[in-house]
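Spelled out, the chains give:
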Amino acid sequence: MTLEYWNTLANQTLLISSLLSGFSIAVVANLLVTDKSDKLMRIILKLATVSAGCFLVAVFAMTQILMITTPGGYIKNVTTADFFVPRVIGVLAFMVGLISLLTIIALSGWIKSKKTGMFTTIIGVVTLLLIFITMIRISI
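Residue positions are given per chain, counting from 1 as you read along its sequence in written order. The predicted origin of the model limits local features to residues at a pLDDT of at least 70 and limits the giving and counting of side-chain atom pairs to 80 or more, whereas totals for whole chains, interfaces and linings rest on all residues. Remark: hydrogens and water are excluded; side-chain values derive from all non-hydrogen atoms of the structure.

Draft legend 1. Just the overall build of the protein chain, in detail. In terms of regular secondary structure, the protein chain is built from 4 helices and 0 strands. In the protein chain, the succession of α and β elements from N to C terminus is α-α-α-α. Its C-alpha atoms give the protein chain principal-axis dimensions of about 55 × 40 × 20 Å. Type-normalised accessible area, obtained with a 1.4 Å probe on protein chains alone, sets the label of each residue: buried when under 20%, exposed when over 50%, and partly exposed for intermediate values. A buried classification covers 34% of the 140 residues belonging to the protein chain. Long-range pairs, those at least 24 residues apart, make up 69% of the contacts in the protein chain between residues at least 6 apart in sequence. Per-residue and other accessible areas were derived by the Shrake-Rupley procedure at a 1.4 Å probe size, with only the shown protein chains allowed to occlude residues. Surface accessibility of the protein chain: about 8,900 Å² in total, with carbon and sulfur atoms responsible for 72%. Just so you know, the count uses Lys and Arg for positive and Asp and Glu for negative, and it drops His and the chain ends. Here the site of a charge means atom NZ of a Lys, CZ of an Arg, CG of an Asp or CD of a Glu. The averaged location of the 4 negative side-chain charges in the protein chain is 13 Å from the averaged location of its 10 positive side-chain charges. Runs of E in the DSSP output that reach at least two residues are strands. Runs of H or I that reach at least four are helices, and both are numbered from the N terminus. Two residues qualify as a contact provided that any one of their heavy atoms is within 4.5 Å of a heavy atom in the partner residue.

Draft legend 2. Representation of the layout of surface pockets in the model. Whether a set of points on the 1 Å grid over the protein atoms alone is a cavity depends on a 1.4 Å probe fitting there but being unable to get out, while an open set qualifies as a pocket with protein on both sides within 12 Å along at least five of seven lines; lining residues are those with an atom within 4 Å of a point. Grid points are joined across faces, edges and corners, and a volume is the space filled by probe spheres set on the points. Empty space within the largest pocket amounts to approximately 290 Å³. Looking at the lining of the largest pocket, the element that brings in the most residues is helix 1 (residues 3–33), giving 7 residues. All amino acids are sorted into three groups, where Ala, Val, Leu, Ile, Met, Phe, Trp, Tyr, Cys and Pro are nonpolar, Asp, Glu, Lys and Arg are charged, and the leftover types, Gly among them, are polar. Among the residues making up the lining of the largest pocket, the classes are represented as 12 nonpolar, 3 polar and 1 charged.

Draft legend 3. Representation of a nonpolar patch on the surface. Residues forming no salt bridge and having over 30% relative accessible area are the ones grouped into patches, like charges within 9 Å of each other and nonpolar side chains (Val, Leu, Ile, Met, Phe, Trp, Tyr) within 5 Å. Just to be clear on terms, a salt bridge is a Lys or Arg side-chain nitrogen sitting within 4 Å of an Asp or Glu carboxyl oxygen. Side chains of Ile99, Ile122, Val125, Val126, Leu129, Leu130, Phe132, Ile133, Met135, Ile136 and Ile138 sit close together on the surface and give an oily, nonpolar patch of about 990 Å² of accessible area. In terms of residue count, helix 4 (residues 114–135) provides more of the nonpolar patch than any other element does, 8 residues in total.

Draft legend 4. Spatial organisation of the packing of helix 2 (residues 39–69) against helix 3 (residues 84–108). Between the N-to-C directions of two axes lies an angle of 0 to 180 degrees, each axis being a line fitted to C-alpha atoms and, for a helix, fitted only over the stretch in contact. Between helix 2 and helix 3, whose axes approach to 7 Å, the crossing angle comes to 155°. Regarding the angle of helix 2 to helix 3, the classification is roughly antiparallel. With respect to the hand of their crossing, helix 2 and helix 3 are arranged in left-handed fashion. A breakdown of the residues in the contact of helix 2 with helix 3 according to their chemical character gives 23 nonpolar, 7 polar and 1 charged. For this classification, under 35 degrees means roughly parallel, over 145 means roughly antiparallel, 65 to 115 means roughly perpendicular, and everything else is oblique. Definitions for this section: a left-handed crossing has its near helix turned counterclockwise from the far helix by less than a right angle. A right-handed crossing has that turn clockwise.

Draft legend 5. Structural context of the confidence of the model for the protein chain. You can read pLDDT as the predictor saying how much it trusts each residue, on a scale of 0 to 100. Per-residue pLDDT for the protein chain has a mean of 91; in total, 99% of the residues score no lower than 70. Confidence, read as mean pLDDT per element, is least for helix 1 in the protein chain (92) and greatest for helix 3 (95).

Draft legend 6. Up close: the nonpolar core. Nine residue types can take part in a nonpolar core, namely buried Ala, Val, Leu, Ile, Met, Phe, Trp, Tyr and Cys, and a core is a set of them joined through side-chain atoms within 4.5 Å. Judged by nonpolar contacts, the single largest core of 18 residues is most densely connected at Leu31, Ile44, Ala48, Phe55, Phe94, Leu98 and Ile104. Broken down by secondary-structure element, the contributors of at least two residues to this core are helix 1, helix 2 and helix 3. Top element by residues in this core is helix 2. It accounts for 8 residues. Excluding residues within four positions of it along the chain, Ile104 makes contact with Ile44, Leu47 and Ala48. Trp6, Ala10, Ile65 and Val78 belong to the second largest nonpolar core, which has 10 residues in total.

Following this line, the structure appears as structure tokens:
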């Protein structure tokens, strides 16, 4: 892959991570002020915190890749090895954040009722599967 491609990919991942990080932080803030403190709420709060943290790590990892791959940047004669560590950390953090966020979605309905819990769990699993399908290249 070319450095231009990595630059564009990092830019898009940075945008998505920033939005999802903000959403996760908002969930954490809302859960911190709620009066309900049962086991499920504590699990959702922990997942929201993991999600927010992971998306923030992804933001900074992708920012590092952007800085390295921008033409005329501070590193001359850039190769993909120059951003291997932020690439691995960023992708892993993004994936853990995404799975945590989808788990929050899947668990959220169980706070209300069994029927709503089953619905949100199905939506969470289907969403995760569809995201994974769109992340791989399928030729038809």
